[in-house]
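Summary of the model geometry
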Amino acid sequence: MYAYQLENNPYPSSPTPTEKDARILGGKRHKEAKSAILECIKELCNKIGGRDSNDGDFRVITLIQDVGSGKTHLALHIKNLQSRHNTVCTFLDLSTISPKAMSSLYNAIIKGFENEFFVQLRTKLVEYIRDRAEQGDNSAKKALDYSFVNKLSGLTIKQKAEEIISGKAYVSVENIKKFLVQWFNYYESNLIKNIITNSFDTVANLEELLGMMAAISKLTHRFLSKIVLYEIDEFDGNQDSIEFVKGIINAHLPASVVLLISTPSGYAEIQGKSPSVFDRLEKANYKIDLVGSNSQEELLEIVLEYIKHNDKKGKFTQKTQDELDEKIRVLYDEFPEFRSVRSIINILYHAMEKSAELDLEKIDETAIDETIKHTYPGLKVRGSIMAVPISDFISIRRTCEDESTGTQLKKAVTNLVNFAHEMGNIGKLEKQNQPLDVIYQDPYGSKIGIAVVINENHAKNFEEISNISKSSALVDKLVILTNSNLPSSESTIIINVDKSKMVDLLYFNNRYVDHKIGSFDNEKVQTLARTVNII
Amino acid sequence: MSEEVLERIVSAGINGIKKAELKKTFGKNCDNILQKLIDAEQIFVEKKGIAYFVWARDDYVLYLSQNDPKCKIVLSMAIEQSRSADKVNKYANIETINKIPQQNVAGQESDFKSEFDRRLTESSTSIGWAPFSDIRKKICDSKKISPENFYSMAAELVERHKERYEVSSGGQEGIVMRGLVHGYVRNI
């Protein structure tokens, strides 16, 4: 059993999304992008509904965003929705085709359609020929290989067509060609023959490729009343890819939408290599903007969506959502490595596996820590002197903005001074004298005073620091630890305590209080004491 | 002669020297010399017991501050006031010191940010993305800063305003994140 009592790991593990993974789509920005694509499809469907399509019924959509931001996921998600939106869709990943010969591209386009699409189209096409045959068209009868013997044996044209549809009988290849050329253009005839015989010819050049694509679109609209969505992924500055896309855009495929997916870097390559294609892309009918797709809020929504979608038992309560939310926020803030959809999903996939292995009720700090150790073994908390484990870091960092942080840090600094005294780094400790938190003597007998000033309100910090500075006469050296960014002065040394240093101090304090500071920690603690000017 | 008399008085320090002793050493003429020094406020004469003692000016102040209660009070008040004035001046200086670098840092950052935003708008395509290299060239030229400096400031700007900027991998130059060169940037 996985965390939150899920029966399966809700997160995908493949480095690139699969159609199955793409069934779930989370995130406000991704959902808005999805709506925009569907809007384009709907607009075109409405425009050409009830009439023949022509070359004006063509739309180009661009989707440009960084790697790992969910572009392919979105494209596959749209593909999964095809039956609901009067669309048939083919997904073509240009990075998987090499060399990008016309025949390879055509094969990839055909393979990109679902088999069900060809089954439906084949049925409709055979029914069309059947209708012609029933109306007395002899060439149609010949195409169906409906012979005199069939008639004598009592087999009707309808029954013959049904046998062909179910694969029990075959059309006459020779006669179907003769029939089709009467009613369809060269490419449409070839395509229909290919579909009915379940055998696709190859194409030799761009002209044939574009002819076949136009035929697919035209026949799909005519016989299935659907438009074709061509999703072309990994479009970049490759010359063959550019020529291919340029041809498609110039061909104005009827009843079609072309979704071009690229990265800003790929887009810039296209700009450099083919200004004419770049200009066409700049004038695309729809530019889908996944802006902010890697923002913290977007990632959180996506991550939570996977669990919500699989939470059949309702165990993923608001409280548990909030807890997971906080942990992910820390990961996002502190580790640039986890600021993309792909990387955060990967972490959560492994954390979920770990939760099953450790029989955890939820994804906790330990699961995340173990995951990071295994999947990102070299990852360390940036700037941590105490080598704080990531689990402790997440746990402490989450509380760093609490009101009690100031009090905890005062205790931590006091204990750090105690530790330095125990280690013989400083002289005797003196009685606390407000507003200073700690007073001690350095090895030369000078009196050192330390004050901790940590407030969310920086104006309050300035006020406190100003008051404390007046106590500089009480000591020979005054050190103020604060989260405000201030320079030191002649009389006062100001130490800026950032979140990383706060975590170090709080982690030290926890270990010191629990008597867990081992001899191997001494050096790290002394370094920490040096950074806050105690030693 | 006058200098010799003064030297002798100074050498006596805080305890001072008996006027009779000076007369013994320098003769009867020393009365005139002493009078001149008194007029010039270089020495002070005071009766202590039955004898007259002579002090140099600074030693006399010290003598009074230790032995005369009235003088002690007045002097400590004066010193306190002087210290307060010093402190006021010192804090005023600290505040100035504090404010100047803060203002400088904030000013530099805001200046860089506005220049960066301007160049980003100029360089971006219809989808908003712009190569860092284009922005870098323009800003390095106008601000006379090195490319290293530019990328250091740009990386800090993007990290500080994660909610305002978006970067994308690729390109020949840019800021390095997750071990990848991110050569494109845009406003969110």
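Residues numbered from 1 in each chain as written. Chains lettered and ligands numbered in written order. Predicted model: local features only at pLDDT ≥ 70, side-chain atom pairs only at ≥ 80, totals over all residues.

What follows deals with the overall build of chain B. Summing up its helical and strand segments, chain B has seven helices and eight strands in all. For chain B, with 188 residues in total, the buried portion stands at 21%. Contacts in chain B between residues at least 24 apart in sequence constitute 47% of all its contacts with a sequence separation of at least 6. (Helix = DSSP H or I, 4+ residues; strand = E, 2+ residues; numbered from the N terminus. Buried ≥ 20, exposed ≤ 12 C-beta atoms within 10 Å, placed from the backbone. Contact = placed C-beta atoms within 7 Å.)

As a further point, take the overall build of chain A. Per the secondary structure count, chain A includes 22 helices and 10 strands. A compact globule built from 535 residues would reach a C-alpha radius of gyration of about 24 Å, whereas chain A, at 34 Å, exceeds it by more than 25%. Summarising its shape, the C-alpha atoms of chain A cover approximately 120 × 50 × 40 Å along the three principal directions. Relative to its full complement of 535 residues, chain A shows a buried share of 44%. Counting only contacts in chain A whose residues sit at least 6 apart along the sequence, the fraction spanning at least 24 positions is 70%. (Rg over C-alpha atoms; globule rule 2.2 N^0.38 Å.)

With that settled, the discussion passes to the domain arrangement of chain B. One can read the domain layout of chain B as domain 1 (2-67) and domain 2 (104-187). Each of domain 1 of chain B and domain 2 of chain B has a C-alpha centre, and the two are 77 Å apart. (Domains from an automatic or database assignment.)

Looking now at the interface of chain A and chain B. Between chain A and chain B, the residue contacts involve 20 residues of the former and 21 residues of the latter. For the side of chain A that touches chain B, the element with the highest residue contribution is helix 12 (residues 264-273) of chain A, accounting for four residues. Among the residues forming the side of chain A that touches chain B, the class breakdown is nine nonpolar, six polar and five charged. (Nonpolar A, V, L, I, M, F, W, Y, C, P; charged D, E, K, R; others polar.)

Take the environment of R186 of chain B next. Residue and element names in this part refer to chain B. The topology assignment puts R186 in strand 8 (residues 184-187). C-alpha separation for the pair R186 and R164, spaced 22 residues apart in sequence, amounts to 8.6 Å. With sequence-adjacent residues up to four places away left out, R186 is seen in contact with S124, G128, W129, A130 and E166.

Attention shifts here to the domain arrangement of chain A. For chain A, the assigned domains read domain 1 (21-113 + 204-288), domain 2 (119-197), domain 3 (294-379) and domain 4 (405-500). Taking the mean C-alpha position of each, domain 2 of chain A and domain 3 of chain A sit 57 Å from one another.

On to unusual backbone geometry. Residue and element names in this part refer to chain A. In this structure, the amide linkage connecting S98 to the following residue, P99, adopts the cis form with an omega of -5°. Tracing the chain through its elements places P99 in the loop between strand 2 (87-93) and helix 3 (102-112). With phi around 50°, N86 is a residue other than glycine that occupies positive phi space. Structurally, N86 is set in the loop between helix 2 (71-80) and strand 2. With phi around 55°, N198 is a residue other than glycine that occupies positive phi space. Position of N198 among the secondary structure elements: in the loop between helix 9 (186-197) and helix 10 (206-224). Accessibility expressed as a C-beta count within 10 Å gives 11 for N198, which makes it exposed.

Attention now moves to the sheet that holds strand 9 (residues 477-482) of chain A. Residues and elements named next belong to chain A. Read from one edge of the open sheet, five strands run 6-7-8-9-10, paired in mixed fashion. Edge positions in the open sheet fall to strand 6 (429-430) and strand 10 (492-496), since each of these has one partner strand only. Each of strand 8 (447-453), strand 9 and strand 10 touches helix 20 (residues 458-469); the most contacted strand, strand 8, lies at about 165° to it. (Pairing = 2+ DSSP bridges. Axes fitted to C-alpha atoms, helices over the stretch in contact; angles between N-to-C directions.)

Residues and elements named next belong to chain A. Within the largest apolar cluster, 94 residues are counted, with the highest numbers of intra-cluster contacts made by L144, M212, I232, L259 and L260. Counting residues per element, this core draws most heavily on helix 10, which supplies eight residues. Counting 74 residues, the second largest nonpolar core, distinct from the first, contains L299, I468, I494 and L506. (Core = buried A, V, L, I, M, F, W, Y, C linked by C-beta atoms within 7 Å.)

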